[in-house]
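If you want the building blocks of each chain, they are given just below.
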Amino acid sequence: MSLTDRTPDGAGVSAGLRVLARARWPEGPDDTLPRIAGFAASSFSPLVAETADRCLRARYGHPPAAGAPRTALLLASPGGDLATADALAEAVAAGGRVPPLLFYQSNPNAVLGHLAARWGLDGPVVALGPGFEEERHLHDQARLLIDDGEAEQVLAVTAHQGPPDRATAALLAPGPA
């Protein structure tokens, strides 16, 4: 279940967290992902960045996020960047030179760092693999970051590289849902 869905009992966001803004990708059949300099051969990083941008724009307008409290970036993806992993495997299997950009973008924290710099966010960046994309698990991680004093709010993104590509984002803060 993604951040924009509700739990089966209708509870929605975990107790103690409220949603300040939400976004998803795609929003419609004509949605296209913008290119991002430094990220090539894959839709994963543009997918994460565009969905996060939409969420942050809903709260702060255009970057930087003026006046934003300490904000953590939390990414969950069941498969990660599959296209980059495939491109790396093909290059290695062919015995060819692996393009340096692929090494950079193969780490999901690279796109989170890109977002933090673009929006002026100063909290930790955390990328999680399979098992955390369900709402309650992702909220548990967001709660930990807030409760430990690492952040005052958390931008939580789930990304599934397709086909079809899809992602959700929610800006979470302490308080009633």
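1. Observations regarding the overall build of the chain
- Each helix and strand counted, the chain has 5 helices and 5 strands in total.
- Along its sequence from the N terminus, the chain presents helices and strands in the succession β-α-β-α-α-α-β-α-β-β.
- With 177 residues in all, the chain has 44% of them scored as buried.
- Put simply, of all contacts in the chain between residues at least 6 apart along the chain, 74% involve residues at least 24 apart.
- Summing over all exposed atoms, the chain offers an accessible surface of approximately 8,500 Å²; the carbon and sulfur share of this is 54%.

2. Considering the nonpolar core
- Counting residues in hydrophobic clusters, the biggest one holds 31 residues, and the most contacted among them are Val48, Leu115 and Leu155.
- In terms of residue count, the dominant contributor to this core is helix H1 (residues 44-60) (8 residues).
- If we ignore the near neighbours within four places in the chain, the residues touching Val48 are Leu75, Val111, Leu112, Leu115, Val157 and Ala159.
- In this structure, Ala76, Ala151, Val154 and Ala170 belong to the second largest nonpolar core, which totals 14 residues.

3. A word on the environment of Pro69
- Along the chain, the position of Pro69 falls in the loop between H1 and strand S2 (71-76).
- Taking the relative accessible area as the measure of exposure, Pro69 reaches 27% and is therefore partly exposed.
- In the structure, Pro69 is positioned 54 residues away from Gly123 in sequence and 8.9 Å away in space, judged by C-alpha atoms.

4. Points about the confidence of the model for the chain
- Averaged over every residue, the pLDDT of the chain is 84; the share at 70 or more is 85%.
- With pLDDT under 50 throughout, residues 1-12 is counted as low confidence; its partners more than four residues away or in other chains account for 27 contacts.

Criteria and cut-off values
Residues numbered from 1 in each chain as written. Predicted model: local features only at pLDDT ≥ 70, side-chain atom pairs only at ≥ 80, totals over all residues. Heavy atoms only, no water. Helix = DSSP H or I, 4+ residues; strand = E, 2+ residues; numbered from the N terminus. Buried < 20%, exposed > 50% of the residue type's maximum accessible area, 1.4 Å probe, protein only. Contact = heavy atoms within 4.5 Å. Areas by Shrake-Rupley, 256 points an atom, 1.4 Å probe, with all protein chains shown as cover. Core = buried A, V, L, I, M, F, W, Y, C linked by side-chain atoms within 4.5 Å. pLDDT = per-residue confidence, 0-100.

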